[in-house]
Amino acid sequence: MYVRVGITCYPTYGGSGIVATELGLELANRGHEVHFISYANPIRLDPGIPRIRYHEVEVSNYPLFQYPPYSLALASRMAEVALQYSLDLLHVHYAIPHSISALLARQMLARHHRRLPFITTLHGTDITLVGNDRSYFPITKFSIEESDGVTAISDYLRTTTLDVFGAVGEIRVIKNFVNCEMYQPDPERRRASGYAPKGEKVLMHLSNFRPVKRIFDCLRILKEVRLVVPAHLLMIGDGPDRAPAENFARELGVEEHVTFLGKQGHVERLIPLAHVLLQPSELESFGLAALEAMACGVPPVATRVGGVPELVTDGVDGFLEAPGDVPAHAARVISLLTDDALRARMSGAARHTAETRFCTSLVIPEYERYYEEVCGRWTASA
Ligand code: GMT
């Protein structure tokens, strides 16, 4: 069964937007019709792919609006697109506000005697930070209860959602995925010399530079590692902690050994340059950057938090340490950089994990089956 699906996400740099975009691309490649409905074109959406369209949500800002109502403009656009293109369903990523807009669009379509079920995919901070915030708790709970289908990106997030909100109905776990053809190892690290001209080992961090990512720890780790091994750190992404981190690099005296690259569209070209990925986060419901690195054969040194242990097996395809334990992280990085046999073994295991458990070819069919199930449920109950 081919579906016509409307996908909504935060289109810029969060992991949820990346997952939503890559899901849309994969679905279109498999013959489905995909309509992205959002305020900006998703960043990883390369143009010219058949069966993909983008519908921009414009939010008028009248002087009366202190807070322009994006959720309402989004609901209107969702309803409009659903009618115009006969969408079978909406799939929203990140609960707030997207699932509330989808709920409104579903009600608007009902006036036209048209069905429009919607699926909400929970990504993490929509539950652990936003949903847990007193002002958003009731509406997040309501949005989950009203969704026609709910998925979570890890077992951890499913359990946490049930702990936070109680019995909100079935939550299907569909884990994040990676395109193993696009994300490939490059053992020769052909382009690395531009960043590490003296043959330094390359450490890499990739995130939205928010406090939960603990990016200052990356710099502390670099400083400790450099006492033993010449290394250069590539920081990919942007966000509120970037400028303070650039200052901190100067304070630590490691500024020459760090390059802040900013947001990058084609991380699959950069990740294979690294010898190790640093993911020192306070919390990750999944840890997509670690998975992308593993697919490129780059072992992650990450934190034992949230859903990360569902992805990384400590000592096998990466290392897991406690958040904030910089000496432990640095020791793991040093072991990977000084023991070629260990790094080669872990690199192979990391790629193997990505290929055998998290490849698009395994995970996308789970979404397809879920779409069929949710649409079928609606048809049966009509
Ligand atoms: O923390 C972020 O990077 C942003 C956030 C988002 O929604 O964009 O990321 C969450 O979703 C990602 C994709 O599913 C997961 O890989 C991240 O682990 C998760 N972040 C947190 O749980 C803190």
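About the criteria used
- Residues numbered from 1 in each chain as written.
- Predicted model: local features only at pLDDT ≥ 70, side-chain atom pairs only at ≥ 80, totals over all residues.
- Heavy atoms only, no water.
- Pairing = 2+ DSSP bridges.
- Helix = DSSP H or I, 4+ residues; strand = E, 2+ residues; numbered from the N terminus.
- Contact = heavy atoms within 4.5 Å.
- Axes fitted to C-alpha atoms, helices over the stretch in contact; angles between N-to-C directions.
- Domains from an automatic or database assignment.
- Salt bridge = Lys/Arg side-chain N within 4 Å of Asp/Glu carboxyl O.
- Buried < 20%, exposed > 50% of the residue type's maximum accessible area, 1.4 Å probe, protein only.
- Arc of directions from axis to C-beta.
- Expected span 1.5 Å × (residues − 1).

**Q** In this structure, what is going on with the sheet that holds strand β4 (residues 89-93)? I would like to understand it.
**A** Sheets are built from strands that pair by backbone hydrogen bonding, the pairs being arranged parallel or antiparallel. Reading across from one edge, β3-β2-β1-β4-β5-β6-β7 is the order of the seven strands in this open sheet, with parallel pairing throughout. Strand pairing shows two members of the sheet lacking a second neighbour, β3 (52-56) and β7 (172-173), which therefore form its edges. Judged from the four bridges that link them, strand β1 (residues 4-8) and strand β2 (residues 33-38) form a sheet pairing that is parallel. Across the sheet, the residue bridging to Arg 4 is Glu 33, located in β2. The strands touched by helix α1 (residues 15-29) within the sheet are β1, β2, β3 and β4, with β2 carrying the most contacts at an inclination of about 155 degrees.

**Q** What's the story with the domain arrangement of the protein chain in this structure? I'm lost.
**A** Interfaces are frequently sized by the accessible area removed from exposure as the parts join. Looking at the protein chain, the domain boundaries give domain 1 (4-176 + 360-381) and domain 2 (187-358). Taking only C-alpha atoms, the centre of domain 1 and the centre of domain 2 are 31 Å apart. On the side of domain 2, 19 residues touch domain 1, which itself brings 20 residues to the contact. Scanning the region where domain 1 abuts domain 2 turns up one salt bridge. Between Glu 310 and Lys 175 there is a salt bridge, with the nearest N and O atoms lying 3.0 Å from each other.

**Q** I keep staring at helix α6 (residues 155-165) and nothing clicks. Help me out?
**A** A turn of α-helix holds 3.6 residues, and therefore any two residues three or four places apart point the same way. Among the residues of α6, Leu 157, Thr 160, Thr 161 and Phe 165 are the ones counted as buried. The arc that holds the buried residues of α6, viewed along the axis, is 105 degrees, so those residues lie on one side. Here the buried face of α6 lies against β5 (118-122), α4 (125-131), α5 (137-146) and β6 (149-152). Taken from the residues just after α6, Gly 166 is the one with a positive phi, measuring 80 degrees.

**Q** Please explain helix α2 (residues 70-84) as it appears in this structure.
**A** If you check α2, its first and last C-alpha atoms are 21 Å apart, about what 15 residues at 1.5 Å a residue would give, namely 21 Å. Considered for burial, the residues of α2 that qualify are Tyr 70, Ala 73, Leu 74, Ala 75, Met 78, Ala 79, Val 81 and Ala 82. On its buried face, α2 sits against β1, β2, β3, β4 and α3 (98-110). Backbone geometry just downstream of α2 places Ser 86 in the positive-phi region, at approximately 50 degrees.

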